[in-house]
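# Report on the structure
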Amino acid sequence: MSFILLLLDWYHTHKRPLPWRLERKVFNVWLSEIILQQTRVNQGLNYYEKFVNHFSDVHELAKADEQLVLNLWQGLGYYTRARNLHKTAKIISNDFHGEFPNNFNDLKKLPGIGPYTAAAIASICFDEKVPAIDGNAYRVYARLFGLDKDISDSNAHKFYFNYVLEIMPNENTGDFNEAIMELGATICMPQSPKCKDCPIAESCVAYQTGRIEKYPVKTKKVKVRKRNFHYFFVFDALTNEFLVQKRINKDVWQNLYDLPMIETKTKNYDVSFIPKNKVSKVGELRHILTHQHLNIQFYEFQGGIEEFQTTTNQDFLRIKTSEIKHTPFPKPIASFLADKFPEMV
DNA sequence: CACTCGTGGTA
DNA sequence: TTACCAAGAGT
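Residues numbered from 1 in each chain as written. Chains lettered and ligands numbered in written order. Predicted model: local features only at pLDDT ≥ 70, side-chain atom pairs only at ≥ 80, totals over all residues. Heavy atoms only, no water.

Chain A is annotated in an unreviewed UniProt entry as Adenine DNA glycosylase of Profundicola chukchiensis.

Right, let's talk about the overall build of chain A for a bit. The helix and strand tally for chain A stands at 14 helices and eight strands. When its C-alpha atoms are laid out on the principal axes, chain A stretches across 75 × 50 × 35 Å. Among the 345 residues that make up chain A, the fraction classed as buried is 50%. The long-range share in chain A, meaning contacts at least 24 apart out of those at least 6 apart in sequence, stands at 65%. With the model as given, the accessible surface of chain A reaches about 17800 Å², and the carbon-plus-sulfur share is 49%. Computing the positive centroid from 44 side-chain charges and the negative centroid from 39, chain A places the two 7 Å apart. (Helix = DSSP H or I, 4+ residues; strand = E, 2+ residues; numbered from the N terminus. Buried < 20%, exposed > 50% of the residue type's maximum accessible area, 1.4 Å probe, protein only. Contact = heavy atoms within 4.5 Å. Areas by Shrake-Rupley, 256 points an atom, 1.4 Å probe, with all protein chains shown as cover. Lys, Arg positive; Asp, Glu negative; His and termini not counted. Charge placed at Lys NZ, Arg CZ, Asp CG, Glu CD.)

Pairing between side chains of opposite charge can happen when their charged atoms approach one another. Tallying each qualifying case throughout the model produces 17 salt bridges. Glu 263 is paired through a salt bridge with Arg 227; the nearest N and O atoms lie 2.8 Å apart. Here Arg 227 lies in strand β1 (residues 225–233) and Glu 263 lies in strand β5 (residues 261–264), a separation of 36 residues in the sequence. Since its relative accessible area comes to 6%, Arg 227 is described here as buried. When the shortest N-O distance is used, the salt bridge between Glu 307 and Lys 278 registers 3.0 Å. Linking Glu 307 in helix α13 (residues 305–312) with Lys 278 in the loop between β5 and β6 (279–288), this pair joins segments that are 29 residues apart in sequence. (Salt bridge = Lys/Arg side-chain N within 4 Å of Asp/Glu carboxyl O.)

Attention shifts here to the pairing of β5. Here β5 shows a buried face lined by Ile 262 and Thr 264 and an unburied face lined by Met 261 and Glu 263. By the bridge criterion, four bridges tie β1 to β5 in an arrangement that is antiparallel. The residue bridging Phe 229 from the neighbouring strand is Glu 263, located in β5. (Pairing = 2+ DSSP bridges.)

Let's shift gears to the UniProt feature "domain: HhH-GPD" (unreviewed entry) in chain A. Sites flagged by UniProt as "domain: HhH-GPD" (unreviewed entry) map to residues 35–186. Between the C-alpha atoms that bound residues 35–186 there is a distance of 19 Å. The span itself is 64% helix and 0% strand. (UniProt positions renumbered as here; feature names shortened; annotations may be inferred.)

Pairing is mixed in the open sheet, where four strands are placed in the order β5-β1-β7-β6. The two strands at the open ends of the sheet, each matched to only one other strand, are β5 and β6. Taken pair by pair, the neighbouring strands of this sheet meet at an average axis angle of 20°, ignoring direction. (Axes fitted to C-alpha atoms, helices over the stretch in contact; angles between N-to-C directions.)

Bringing the protein's contact with DNA strand C into the picture now. Surrounding DNA strand C, one finds 28 residues, the nearest of these being Gln 38, Gly 112, Thr 117, Asp 134 and Asn 136. In DNA strand C, atoms within 4 Å of the protein come 65% from sugar and phosphate. Here a phosphate oxygen of DNA strand C sits 3.4 Å away from a polar atom, N or O, in the main chain of Pro 115. Tyr 116 is positioned such that a nitrogen or oxygen atom in its backbone is 3.2 Å from a phosphate oxygen of DNA strand C. Mapped by element, the contributors of at least two residues to the surface near DNA strand C are α8 (115–126), α9 (135–145) and α11 (173–186). Split into classes, the residues belonging to the surface near DNA strand C amount to ten nonpolar, nine polar and nine charged. (Near = heavy atom within 4 Å. Polar contact = N/O pair within 3.5 Å; in protein donor to acceptor, adjacent residues only side chain to side chain. Nonpolar A, V, L, I, M, F, W, Y, C, P; charged D, E, K, R; others polar.)

With that settled, consider α9. Of all eleven residues in α9, ten are buried; the element is thus mostly enclosed. If you check which residues of α9 are buried, you get Asn 136, Ala 137, Tyr 138, Arg 139, Val 140, Tyr 141, Ala 142, Arg 143, Leu 144 and Phe 145. Remark: Gly 146 follows α9 within two positions and exhibits a positive phi of approximately 65°.

This brings us to the protein's contact with DNA strand B. Around DNA strand B, the structure places 22 residues, and the nearest of them are Trp 253, His 287, Ile 288, Thr 290 and Gln 292. The sugar-phosphate share of atoms of DNA strand B within 4 Å of the protein amounts to 53%. The backbone of Trp 253 places a nitrogen or oxygen atom 2.6 Å from a phosphate oxygen of DNA strand B. Between His 287 and DNA strand B, the recorded distance is 2.5 Å, taken from a side-chain N or O atom to a phosphate oxygen.

Take a look at the structure:
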């Protein structure tokens with residue numbers, strides 16, 4: 001294909017100097033790819049640095065407690081990635097003697113490594129000829145070849161995978177995959193793409209036919225659920241302890257910690273077993289997740305820890321304020337605690 | 001396989 | 001305010 005050399009040449013001169021591009025060890029490439037799933041480079045950079053500073057190799061990561069891994073991941077979202085990162089580290093360390101599989105099919109069997117990530121690692125580290133199709137790639141290929149296939153269809157990946165497999169080069173497949181993504185991230189953006197700076201605009205069907213804004217075709221919208229959370233801050237000033245709970249249910253923020261809470265149908269304080277005269281509202285915020293809009297209200301419980309335990313008849317954990325920095329909290333809880341104990345964050 | 005998993009940036 | 005979506009994967 002005539003665009004390939006132009007694309008690779010552009011990539012070699014314009015690619016961003018990102019830390020995971022310094023050395024192409026599988027551990028570093030794998031870590032960066034997991035962090036970057038559904039995450040912009042700027043958001044993931046600090047987390048990548050934190051992880052490589054804490055863990056020099058896959059064995060060190062495997063030996064860590066999950067709580068530490070989640071704590072390092074705190075604030076990045078999609079925490080299943082952190083749990084699966086840790087699971088795969090254990091598998092590689094314990095069962096594979098620290099060596100990652102060297103091919104697409106075996107990589108894809110590992111927790112947290114799906115079709116995209118397996119292709120990225122296999123092409124970057126082992127020069128295997130497999131298309132890495134992420135959100136950037138869907139958009140670039142749709143525009144470049146004028147593909148009308150709806151990328152929200154469940155079989156869109158198979159369609160693009162097979163299509164790209166026919167046109168991609170036999171060698172330097174990692175550079176090719178990364179170049180497509182880099183182009184999507186810096187030139188061929190979703191809105192207002194910089195076609196005048198694009199090295200392959202001459203080959204771009206969408207550009208040449210003036211239909212850039214038509215691609216990619218994506219029809220399905222996300223359905224948002226509204227939820228109302230009431231959080232209780234139950235604090236003992238003598239011991240500097242407060243109540244928390246681990247979120248073990250199959251719900252958002254699994255395996256992270258938050259405060260004792262009640263979910264209600266409406267924003268109203270509809271909590272029968274904790275009288276309203278025992279609490280004072282100390283904060284309210286909206287927190288937006290992909291499929292959920294949360295209205296979160298915070299209350300200080302006026303009684304002590306013992307009274308709260310008795311009143312709710314639940315067994316909460318108590319932690320000291322000095323443990324906040326070692327406990328993984330979701331963003332809104334972390335923000336609440338950071339506001340309350342700025343010196344403890 | 002449709003749905004569910006965060007958080008932040010941008011128009 | 002709303003909408004979109006980012007180096008996707010698991011169930």
